[in-house]
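# Coordinates in review
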Number of protein chains: 2
Amino acid sequence: MTAETCAIDRDDPLGALLLKLRARDLVSDEEEQVLRESIAEIRELPAGKPIVRAGTILSESTLLLDGLVCRYMDMADGQRQIMEIHVAGDFLDLHGFLLKRIDHNVGAMTPVRFALVPHDRLRRITEEYPHLTRILWFSTLLDAAMHREKILSIGRRSAVARIAHLLCELYVRLKLVGLAGDCRYALPLKQVDLADATGLTSVHVNRMLRKLRNDEVVTFRGGEVLIHDWERLQRLAEFHETYLHLERRPR
Amino acid sequence: MTAETCAIDRDDPLGALLLKLRARDLVSDEEEQVLRESIAEIRELPAGKPIVRAGTILSESTLLLDGLVCRYMDMADGQRQIMEIHVAGDFLDLHGFLLKRIDHNVGAMTPVRFALVPHDRLRRITEEYPHLTRILWFSTLLDAAMHREKILSIGRRSAVARIAHLLCELYVRLKLVGLAGDCRYALPLKQVDLADATGLTSVHVNRMLRKLRNDEVVTFRGGEVLIHDWERLQRLAEFHETYLHLERRPR
DNA sequence: CGTCTAATTGAACGAGATCAAGACAAGTGG
DNA sequence: CCACTTGTCTTGATCTCGTTCAATTAGACG
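First things first, this report covers the structure right here in the doc. (Residues numbered from 1 in each chain as written. Chains lettered and ligands numbered in written order. Predicted model: local features only at pLDDT ≥ 70, side-chain atom pairs only at ≥ 80, totals over all residues. Heavy atoms only, no water.)

### Points about the protein's contact with DNA strand D
Around DNA strand D there are 15 residues in total, and Ala159(A), Thr201(A), Gln191(B), Asn206(B) and Arg210(B) lie nearest to it. For DNA strand D, a sugar or linking oxygen lies 3.5 Å from a polar atom in the side chain of His204(A). Note that a phosphate oxygen of DNA strand D is positioned 2.8 Å from one of the side-chain N or O atoms of Arg210(B). Counting residues per element, the ones that place at least two in the surface near DNA strand D are helix H8 (202-214) of chain A together with helix H8 (202-214) of chain B. For the surface near DNA strand D, the element with the highest residue contribution is H8(B), accounting for 4 residues. Its residues assigned to classes, the surface near DNA strand D comprises 4 nonpolar, 6 polar and 5 charged. (Near = heavy atom within 4 Å. Polar contact = N/O pair within 3.5 Å; in protein donor to acceptor, adjacent residues only side chain to side chain. Helix = DSSP H or I, 4+ residues; strand = E, 2+ residues; numbered from the N terminus. Nonpolar A, V, L, I, M, F, W, Y, C, P; charged D, E, K, R; others polar.)

Put into structure tokens, the structure is as follows:
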């Protein structure tokens, strides 16, 4: 989260979001302006803090500007499952705009900075800017698409492949917003986090990471990911970026 | 799929959809009319037929009127994972409206009847009916919420609990559209289907079903589900219907 | 230099997979 | 009406991937 973060303009709260959206469709200057004006406030939070707790009724959504955030659910016995890891430019709780009562927890995995977007401004967008509405809707469909891929991962991929897949996805998503270098990116997470995100135990994640490292496919260490063999990593994970819908077309 | 199906008006293609939507928000007569006019055609398909293949670019979405449909993805080695099972009243590929290129397969699990809704009519809705747009958007967010619950299921629940959870969810969803009786409903699926939907093998599903039957919690046999102890079934599955967002509130 | 938290490694265990063989029901053709 | 498919369900035996339990090491930090 240091050097690379500077690749996007840290002073423009819309920077990453626009990179993400414009990879999928055109966003006019007017629409950009509307988005800009929808931000009411910018906040920061240290790592580990909950942002939204399940069951809460939301009246504003959050746009992640910096850091990593996850959506997760806990079982009664304490087991945790991470549904999605969010990176800068992701609209965290756009789901909350219409679901109102949020069904999962959202927490900061690193120190984060995010913008607050009140629901009434989103509602205004749905009333006056149909195309922008479709773009925002689309971005929630992207979340759903990633959810589906995760279901496939956890349901049918082996432990190594699941981890490999997660590292592939984050690489592509971070690169899109300028937060990944050439076959490397900062990922300041713990092995437990990867475990919670892949439906494994941290012990097993540790062993599989060692395997990936020994096989010279990818190294995750000290909060950094180094991809040694991108082709092999993708093949191992059966990673095909189609589900990320990186085609620019009218939505 | 026989007696119960008559509970809703089979002649009204919007019957189930409206039941589903009106459980979550008000739908005005005008909006109902707009939805009705968005249907271009009604089709039927026998069991086992693919409806949409991954990678296809769609120009119309489908509203399921009758039968069971699933969204699934296959691994290279032939393993299948079902992401979601759809029941009457579900908008199958509303996701395709904005994603355009669909990232997963959609297939008929039983003989089905569905309505085709061209994308240009959906687009018109986003331009002229903001509230109806939000309702449709909301319904895709429901899919995402179910996806998240499935991630939790496959990632952290035991085999019995996963099956129990699936049977709970289908009970509630079918009941909502009048397709489930009192602690019983028709579910004309094979054990392999349940396996593909829970990330298990059919052999193991078979054993777990026997366990559920022996423990007198629930019986799945001959395409029918009989819930003997709804309380215990929910407890076993850690099923909490909150994620189905069954609250009527302005969206 | 002690204290915490995270990473690492080993050994034993177990849930679920895999392999293989029957049982059963519903056709289907002779 | 019976022999013969065919597909699904069922059950047993064995194996394996990932878990669990437990102990050790390594880093970071005051």
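Structure's up, so let's keep going.
### Considering the interface of chain B and chain A
Taken residue by residue, the interface counts 53 residues in chain B and 53 residues in chain A. Where chain B abuts chain A, roughly 5,300 Å² becomes buried across the two surfaces, and 65% of that area is made up of carbon and sulfur atoms. Interface area lost by chain B to chain A is led by Trp137(B), Arg148(B) and Arg156(B), which between them contribute 18%. On inspection of chain B and its partner chain A, the count reaches 8 salt bridges. A salt bridge links Glu247(B) to Arg101(A); the nearest nitrogen and oxygen atoms lie 3.2 Å apart. (Contact = heavy atoms within 4.5 Å. Buried area = accessible area lost by both parts, 1.4 Å probe. Salt bridge = Lys/Arg side-chain N within 4 Å of Asp/Glu carboxyl O.)

### Some words on unusual backbone geometry
Residues and elements named next belong to chain A. Located in the positive-phi region is Lys-100, a residue other than glycine, with phi close to 65°. Its relative accessible area of 12% is what places Lys-100 among the buried residues. Even without a glycine there, the phi angle at Cys-183 is positive, about 60°. Relative to the elements of secondary structure, Cys-183 occurs in the loop between helix H6 (159-176) and strand S8 (184-186). On the basis of relative accessible area, Cys-183 is assigned to the partly exposed category, the value being 23%. (Buried < 20%, exposed > 50% of the residue type's maximum accessible area, 1.4 Å probe, protein only.)

### Digging into the sheet that holds strand S5 (residues 80-86) of chain B
If you walk across this open sheet you meet the 4 strands as S2-S6-S4-S5 (chain B), and the pairing is antiparallel. Taken across any chain shown, the strands that pair with only one partner, and hence form the sheet edges, are strand S2 (50-52) and S5 of chain B. Recorded for the sheet is a direction-independent mean angle of 35° between the axes of neighbouring strands. Sheet topology note: the S2(B)/strand S6 (residues 105-108) of chain B ladder contains 2 bridges and is antiparallel. Note that in S6(B) the partner of Val52(B) across the bridge is Val106(B). Along the sheet face, helix H5 (residues 130-156) of chain A touches strand S4 (69-74) and S5 of chain B and points at about 130° away from the line of S5(B). (Pairing = 2+ DSSP bridges. Axes fitted to C-alpha atoms, helices over the stretch in contact; angles between N-to-C directions.)

### Here's the deal with the state of the cysteines
This structure, assessed with the given rule, holds 0 disulfides over all chains. Cys168(A) takes part in no disulfide bond, and the closest cysteine sulfur to it belongs to Cys183(A), at a distance of 10 Å. (Disulfide = S-S within 2.5 Å.)

### Some words on the protein's contact with DNA strand C
Close to DNA strand C lie 15 residues, the nearest being Lys190(A), Gln191(A), Asn206(A), Arg210(A) and Ala159(B). Here the atoms of DNA strand C within 4 Å of the protein split so that 73% fall in sugar or phosphate, with bases taking the remainder. Gln191(A) has a polar side-chain atom sitting 2.6 Å from a phosphate oxygen of DNA strand C. Contacts to DNA strand C include Thr201(B), whose side-chain N or O atom sits 2.9 Å from a phosphate oxygen.

### Thoughts on the pattern of salt bridges
Residue and element names in this part refer to chain A. Summed over the entire model, instances satisfying the criterion amount to 39 salt bridges over all chains. Its salt-bridge partner being Lys-211, residue Asp-215 comes within 3.2 Å of it at the nearest N-O pair. Overall, the relative accessible area of 34% leaves Asp-215 in the partly exposed class. A cluster of three or more residues bridged by salt bridges with shared partners is formed by Asp-12, Arg-22, Glu-32 and Arg-36.

### Looking at the pairing of strand S3 (residues 60-66) of chain B
All names here are of chain B. The element S3 is largely enclosed, with a buried count of 6 among its 7 residues. Direction of pairing for S3 relative to strand S7 (residues 112-118): antiparallel, over a ladder of 6 bridges. Within S7, the residue paired with Asp-66 across the bridge is Arg-113.

### Focus: H8(B)
Given 3.6 residues per turn, any residue in an α-helix points the same way as the ones three and four places further on. Residues and elements named next belong to chain B. Between the first and last C-alpha of H8 there are 18 Å, a value that for 13 residues agrees with the 18 Å anticipated at 1.5 Å per step. Listing the buried residues of H8 in full gives Val-205, Met-208, Leu-209 and Leu-212. When H8 is viewed along its axis, its buried side chains cluster within an angular range of 105° and face the same direction. As for H8, its buried residues are in contact with helix H6 (159-176), helix H7 (191-198), strand S9 (218-221) and helix H9 (230-237). Two residues or fewer past H8, Glu-216 is found with a positive phi of approximately 55°. (Expected span 1.5 Å × (residues − 1). Arc of directions from axis to C-beta.)

### Observations concerning the packing of helix H4 (residues 119-128) of chain B against helix H5 (residues 130-156) of chain B
Residue and element names in this part refer to chain B. Viewed as axis vectors pointing N to C, H4 and H5 meet at an angle of 125°, and their least axial separation amounts to 6 Å. The angle between the axes of H4 and H5 places the two elements in the oblique class. For the pair H4 and H5, the crossing hand works out as left-handed. Together, Leu-122, Ile-125, Thr-126 and Glu-128 of H4 and Pro-130, Leu-132, Thr-133 and Leu-136 of H5 make up the contact between the two elements. Class assignment for the residues of the contact of H4 with H5 results in 5 nonpolar, 2 polar and 1 charged. (Parallel < 35°, antiparallel > 145°, perpendicular 65-115°, else oblique. Left-handed = near helix turned anticlockwise from the far one by under 90°.)

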